[in-house]
Amino acid sequence: MPGPGEFELIREYFTSRFQTGSRSGTADNGVELGIGDDCALLLPPAGKRLATSVDTLVADVHFPAGGDPYRIASRALRVNLSDLAAMNAEPLWFTLALTLPHSDPAWLEPFARGLAETAHEFGITLVGGDTTKGPLSITIQVTGACARPLRRDGASAGDIIYVSNQLGAAAAALPVVLGEVTVSPRQQQQAETAYYAPEPQFAVARAVEGYASAALDISDGLLADLGHICDASQLGAELNLDQLPVAVLAHSLQADAAVETALTGGDDYQLCFTVPARHRDAVQALQLPITPIGHLSEEPGIRCQWHGKPWQPRGTGYQHF
Ligand SMILES: [Mg+2]
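Keep in mind it's a predicted model, so treat the numbers as computed, not measured.

Colleague: Run through the pattern of salt bridges, naming residues and quoting values.
Modeller: Think of it this way: side chains of opposite charge can pair up when their charged atoms draw near. Under the definition given, this model contains 12 salt bridges. The closest approach of N and O atoms between R113 and E109, which form a salt bridge, is 3.5 Å. In this pair, R113 and E109 are both assigned in helix α3 (residues 105-122), four residues apart and thus about one turn of the helix distant. A single network of salt bridges, built from pairs that share partners, joins K48, E90, R148, R206 and E209.

Right under this line is the structure:
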């Protein structure tokens, strides 16, 4: 049982690091009143919509319980930020509900530091939270401001499918992060970065906001998440796997299965978006770290071609239940 005042102590870890808002109401990100009252008081930016999303990460389901608490906190916030990026929303505020088996300062201090440093990096402000005793789990709700949202349901047949950067690194990294395989110190570091520090794709989303017809972040694997765009837009997709940007780490760690990992592995948090063919040249001229990998079609389902032949993956992505 936690001693009296123990969870007040936990609150202190966060309150002291995230003291925002002011009584005059002139604080950053429109925070009139932050942590410490019954509710936060927040001023939405004029003329913009609010985009909001919540995600729960459970120890040993979504992250290794014994992982570095600094990196666990950073990753938890980054995966939520990725949803804002995928919607083309600018980060504003987040709340945290933290369930802990016990209040261990040696865990809480780096966790709070990882959260604070990542929040600072992306310009998002913690405005409230709750702590309870129980099996380790982290729930973060993020809110952002959105002028030109990128939804999943706006695509048309013939639209070109793009992905940002490379795919497969985080899934290839997972056995390393879990300590199931031993690799060189350099690969160990690359694996930990790929898994724990996904980069929300705000810049790519912003750059293509005038061209993209649909977008989402790839959390559960390209095939599964592209399937969501197809379902929402009532379309299918044709992919050319010869063009798939497979991560170097996936090639080096999973030589035989790198393409499969890039297609079906989760946790990369890259952007997948579609662009009408008439915008192809304009998007190409942006010189973004993006690759066209196929196009949407009328026929439901996703079909893959590899070396000019149809190719069928064994799995389609992460299944939650
Ligand atoms: Mg998402």
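Here the narrative resumes, following the displayed structure.
Colleague: An account of the confidence of the model for the protein is needed here, citing residue identities and associated values.
Modeller: Taken residue by residue, the protein gives an average pLDDT of 91. The fraction at 70 or more is 93%. Long-range and interchain partners of residues 21-27, a stretch whose pLDDT sits below 50, account for eight contacts in this model, where long-range means more than four residues apart.

Colleague: Tell me about the nonpolar core, residues and numbers included.
Modeller: Formed by 77 residues in total, the largest nonpolar core has its most connected members in F14, F94, F111, L115, L222, L239 and L244. Counting contributing residues, this core receives three or more from each of domain 1 (6-146) and domain 2 (160-311). Every residue in contact with L239, bar those within four places of it in the chain, is listed here: I161, L222, L223, L226, L263, I293, G294, I302, R303, C304 and Q305. One finds L150, Y162, A205 and L271 within the second-largest nonpolar core, a separate group that totals 14 residues.

Colleague: Describe the domain arrangement of the protein, listing the residues and the values that go with them.
Modeller: Size of an interface: often given as the accessible area lost when the parts come together. For the protein, the assigned domains read domain 1 (6-146) and domain 2 (160-311). Using C-alpha coordinates to define each centre, domain 1 is positioned 27 Å away from domain 2. Counting residues at the interface gives 23 residues for domain 1 and 21 residues for domain 2. Across the domain 1/domain 2 interface, buried area totals approximately 1,700 Å², and carbon plus sulfur atoms make up 55% of it.

Colleague: Could you give me a rundown of the coordination of the magnesium ion, with the residues and numbers involved?
Modeller: Only D83 (OD) and D217 (OD) from the protein reach the magnesium ion as donors, at distances of 2.1 Å. Pair noted here: D83 is in helix α2 (residues 69-86) and D217 is in strand β8 (residues 214-218), with a separation of 134 residues, a long-range link.

Colleague: An account of the UniProt feature "binding site: Mg(2+) 3" (unreviewed entry) in the protein is requested, with residue identities and associated values reported.
Modeller: What UniProt calls "binding site: Mg(2+) 3" (unreviewed entry) maps, in this numbering, to D38, D83 and D217. Of the residues just listed, which span 180 residues, the most distant C-alpha pair is 33.2 Å apart, and they do not cluster in one region. Within the element layout of this structure, D38 appears in the loop between β1 (31-33) and β2 (41-42). For D217, a relative accessible area of 4% gives the class buried. With near-sequence residues (within four places) excluded, D217 lies in contact with V79, S82, D83, A86, D225, Y269, Q270 and L271.

Colleague: How would you explain the sheet that holds strand β7 (residues 160-164) if you had to name every residue and give the values?
Modeller: The sheet built from seven strands is open, its strands ordered β8-β10-β7-β11-β9-β12-β13 with mixed pairing. Edge positions in the sheet fall to β8 and β13 (309-311), since each of these pairs with one other strand and no more. Put simply, the sheet's adjacent strands are angled 30° from each other on average, direction ignored. Inspection of the sheet shows β8 paired to strand β10 (residues 270-275) by five bridges, in the antiparallel sense. Paired with A214 across the two strands is T274, which belongs to β10. Across the face of the sheet, α2 comes into contact with β8 and β10 while running at roughly 170° to β8. Against the sheet, helix α7 (residues 222-233) engages β7, β8, β9 (236-240), β10, β11 (290-297) and β12 (301-306), with an angle of about 155° to β8.

Parameters and conventions
Residues numbered from 1 in each chain as written. Predicted model: local features only at pLDDT ≥ 70, side-chain atom pairs only at ≥ 80, totals over all residues. Heavy atoms only, no water. Salt bridge = Lys/Arg side-chain N within 4 Å of Asp/Glu carboxyl O. Helix = DSSP H or I, 4+ residues; strand = E, 2+ residues; numbered from the N terminus. pLDDT = per-residue confidence, 0-100. Contact = heavy atoms within 4.5 Å. Core = buried A, V, L, I, M, F, W, Y, C linked by side-chain atoms within 4.5 Å. Buried < 20%, exposed > 50% of the residue type's maximum accessible area, 1.4 Å probe, protein only. Domains from an automatic or database assignment. Buried area = accessible area lost by both parts, 1.4 Å probe. Donors = N, O, S within 2.8 Å, 3.2 Å for Na, K, Ca; no water. UniProt positions renumbered as here; feature names shortened; annotations may be inferred. Pairing = 2+ DSSP bridges. Axes fitted to C-alpha atoms, helices over the stretch in contact; angles between N-to-C directions.

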